[in-house]
Amino acid sequence: MIPLTVDLAEMQFIHDRLKGAIDEEIGGRKLEYKFGTMIETPRGALLGGEIAEVAEFFSFGTNDLTQMTYGFSRDDSEATFLPKYIELGIIKKDPFETIDEKGVGELMSLCLQRARKTRPDIEIGICGEHGGDPESVKFCHKIGLNYVSASPYRIPVAILAAAQANTKNEGVD
């Protein structure tokens, strides 16, 4: 998984070099693997359709994507103005705890749609703390992501949220 991809040419360059190194290292033996990328920048999300020409999977790095979409540092904002913005209702929820569906979520949705137009079988998920947030997991299910990953202590919450989201989609409460 290649981090911070922002362009197809970059992805192709890295893919070719990495494939060459793997082929050289394994010396003719067969090794099954997938080549993918972290989508952590707005540009990477917007160019998902192009990047999917080479990438076999995407994993949204939602912490970095949130920082770059909002244009502020998580540490600085949480230590200064973000709590006040939430208290005043300027921002409804901490975007580093629950995916901001209007901004970050829209980038994720566009990326997913464009990537699947190019590569219908592409696997797309998220990694990071959002993977352990029930609202974020439900949003990811709603837009059609294949997986979420979370830190070990948040996995039970993520599993429960995914099961609930899947059950609601099947018409069962």
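Counting restarts for each chain: residues are numbered from 1 in the order of the written sequence. Per-residue local features are limited, in this predicted model, to residues with pLDDT of at least 70; the limit for side-chain atom pairs, both in listing and counting, is 80 or more; totals at the level of whole chains, interfaces and linings are taken over all residues. Remark: hydrogens and water are excluded; side-chain values derive from all non-hydrogen atoms of the structure.

Undergrad: Can you help me understand the environment of A9 in this one?
TA: Put simply, DSSP marks the helices as runs of H or I at least four residues long and the strands as runs of E at least two long, and each gets a number from the N terminus on. Here A9 shows up in helix α1 (residues 8-26). Separated by 36 residues in the primary sequence, A9 and A45 have C-alpha atoms spaced 15 Å apart.

Undergrad: Looking at this model, I keep getting lost on the nonpolar core. Mind explaining?
TA: Here is a general trend for soluble globular proteins: nonpolar side chains tend to be buried in one another's company. Residue types Ala, Val, Leu, Ile, Met, Phe, Trp, Tyr and Cys, when buried and joined through side-chain atoms within 4.5 Å, form a set referred to as a nonpolar core. Relative accessibility under 20% of the residue-type maximum defines a buried residue, over 50% an exposed one, and the middle range a partly exposed one, all with a 1.4 Å probe and only protein chains included. By size, the foremost hydrophobic cluster in this structure holds 28 residues, and its most contacted members are F58, F60, I99, M108, I124, I126 and L145. Where this core is concerned, the elements lending two or more residues are α1, β2 (57-61), α7 (104-118), β3 (123-127) and α8 (134-143). Leave out the neighbours within four places in its chain, and I99 touches T62, V104, G105, M108, I126, H130, S136, F139 and C140. Note on contacts: a residue pair is in contact if any heavy atoms of the two residues lie within 4.5 Å.

Undergrad: In this structure, what is going on with the side chain of T66? I would like to understand it.
TA: As for its placement among the helices and strands, T66 is situated in helix α4 (residues 62-70). Ignoring sequence-local partners within four residues, the contact set of T66 consists of P95, F96, V104 and H130.

Undergrad: Even after reading the chapter, I still don't get the pattern of salt bridges, so can you show me in this structure?
TA: Close approach of charged atoms allows side chains of opposite charge to pair. By convention in these notes, a salt bridge is any Lys or Arg side-chain nitrogen within 4 Å of a carboxyl oxygen on Asp or Glu. Within this structure, the stated rule accounts for eight salt bridges. Between K142 and E101 there is a salt bridge, and its shortest N-O distance comes to 3.6 Å. Separated by 41 residues along the polypeptide, K142 in helix α8 and E101 in the loop between α6 (82-88) and α7 bring together distant segments of the chain. Judged by its relative accessible area of 57%, K142 falls in the exposed class. Relative accessible area serves as the criterion here: at 39%, E101 is assigned to the partly exposed category.

Undergrad: Looking at this structure, I do not really get a nonpolar patch on the surface. What am I missing?
TA: Surface patches are drawn from residues lacking salt bridges whose relative accessible area is over 30%; two like charges belong together within 9 Å, two nonpolar side chains (Val, Leu, Ile, Met, Phe, Trp, Tyr) within 5 Å. Surface accessibility in these figures is a Shrake-Rupley result with a 1.4 Å probe; residues are shielded only by whichever protein chains are displayed. Side chains of Y85, L88 and I90 sit close together on the surface and give an oily, nonpolar patch of about 300 Å² of accessible area. Mapped onto the elements of the fold, I90 is located in the loop between α6 and α7. Owing to a relative accessible area of 52%, I90 belongs among the exposed residues under this scheme.

Undergrad: What is the right way to look at α1 in this model?
TA: Structural remark: α-helix, 3.6 residues per turn; residues separated by three or four positions point the same way. Here α1 contains 19 residues, and its C-alpha end-to-end distance of 26 Å stays within 8% of the 27 Å for a straight helix at 1.5 Å per residue. Buried positions along α1 lie against β1 (36-39) and α3 (48-51). For the purposes of these results, a polar contact is taken to be a pair of N or O atoms within 3.5 Å, where, inside protein, one atom must be able to donate a hydrogen and its partner to accept one; residues adjacent in sequence count only when each atom of the pair is a side-chain atom. Put simply, D7 is the residue that caps the front of α1, since its side-chain oxygen is 2.9 Å from the backbone nitrogen of A9. Trailing α1 by a residue or two, G27 shows a phi angle of about 55 degrees, which is positive. How far a helix is expected to stretch is found by multiplying one less than its residue total by 1.5 Å.

Undergrad: So what exactly am I meant to see when it comes to the packing of α7 against α8 here?
TA: The geometry of a pair of packed helices is captured by two quantities: the angle between their axes and the separation between those axes. Orientation of α7 relative to α8, taken along the N-to-C sense of each, is 30 degrees, at an axis distance of 10 Å. In this view, α7 runs roughly parallel relative to α8, as classed from their interaxial angle. The chirality of how α7 crosses α8 is right-handed. Where α7 approaches α8, its residues G105, M108, S109 and L112 are matched on the opposing element by F139, C140 and I143. Here the contact of α7 with α8 is composed, by residue class, of five nonpolar, two polar and no charged. To get an axis, a line is fitted to the C-alpha atoms, and for a helix only the part in contact is used. The angle between two axes follows their N-to-C directions and goes from 0 to 180 degrees. Just so you know how the angles are binned, under 35 degrees is roughly parallel, over 145 roughly antiparallel, 65 to 115 roughly perpendicular, and the rest oblique. Crossing handedness: left-handed means the near helix sits turned counterclockwise from the far one by under a right angle, and right-handed means the same turn made clockwise. Here the term charged refers only to Asp, Glu, Lys and Arg, the term nonpolar to Ala, Val, Leu, Ile, Met, Phe, Trp, Tyr, Cys and Pro, and the term polar to all other amino acids, Gly among them.

Undergrad: Sorry if this is basic, but what is going on with the pairing of β2 here?
TA: Regular strands place their side chains on alternate faces of the sheet. Along β2, five of the five residues are buried, which leaves the element largely enclosed by surrounding structure. Neither face of β2 is left uncovered, since the one carrying F57, S59 and G61 and the one carrying F58 and F60 both have all their residues buried. Here four bridges tie β1 to β2, and the two strands are oriented parallel to one another. Bridged to I39 within β2 is F60. Should DSSP find at least two bridges between two strands, the strands are regarded as paired.

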